[in-house]
Amino acid sequence: MKSLQATAYLSSLLGSDEVLTSDSDVILNVAKGKEWCLTIYCKLCDVNLLEKVREARWVDRTSIQFGSCLGKPTWWSLEEQGIVILVGSDTELWEVCVTIPLDEIEIFLNDLSNAPLELGFK
């Protein structure tokens, strides 16, 4: 069975006639092929914070709070199994958990740093 890699896409909430700034609201779509998509709302200027996930560990209480999904904050950490994204009030009480496998982390972070910004929803 072929493994599908996790990818990152950025989309803007602005109309085509509006100017995008570093403080603009954007959508980060974390996708695993056509299987699923986790939509995270954030500010464009905050996207670079995800590079710090390499040092974030849940057990050390250094998870990164980044963006929101379903009206709840998202929490990111790098664990033995990969990047873990929790959606919920905190890292103890969460509703959704998504893991990006270890062998896909560099590809995912590279996709994110090189992600073209699309206008409108992807």
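Everything here concerns the structure above.
Residues numbered from 1 in each chain as written. Predicted model: local features only at pLDDT ≥ 70, side-chain atom pairs only at ≥ 80, totals over all residues. Heavy atoms only, no water.

Peer 1: I keep staring at the nonpolar core and nothing clicks. Help me out?
Peer 2: Soluble globular proteins tend to pack their nonpolar side chains together in the buried interior. With 26 residues, the main nonpolar core has L28, V30, F66, W76 and I83 as its most contacted residues. Of all elements in the fold, only β1 (6–12), β2 (25–32), β3 (36–43), β4 (64–69), β5 (72–79), β6 (82–88), β7 (94–101) and α1 (105–113) reach the threshold of two or more residues within this core. For this core, the element with the most residues is α1, which contributes four residues. Sequence-distant contacts of F66, defined by excluding residues within four places in its chain, comprise L28, I40, C42, D46, V47, L50, T74 and W76. (Core = buried A, V, L, I, M, F, W, Y, C linked by side-chain atoms within 4.5 Å. Buried < 20%, exposed > 50% of the residue type's maximum accessible area, 1.4 Å probe, protein only. Helix = DSSP H or I, 4+ residues; strand = E, 2+ residues; numbered from the N terminus. Contact = heavy atoms within 4.5 Å.)

Peer 1: Can you help me understand the pairing of β4 in this one?
Peer 2: Looking down a regular strand, the side chains alternate between one sheet face and the other. Judged from the four bridges that link them, β4 and β5 form a sheet pairing that is antiparallel. Looking at the pairing, I64 lines up with W76 of β5. Connecting β4 to the antiparallel partner β5 that follows it, the hairpin turn spans two residues, and L70 within it adopts a positive phi of roughly 55 degrees. (Pairing = 2+ DSSP bridges.)

Peer 1: Would you mind showing me how to read the environment of I27 here?
Peer 2: Positionally, I27 belongs in strand β2. The class for I27 is buried, based on a relative accessible area of 1%. Separated by 41 residues in the primary sequence, I27 and S68 place their C-alpha atoms 9.6 Å from one another.

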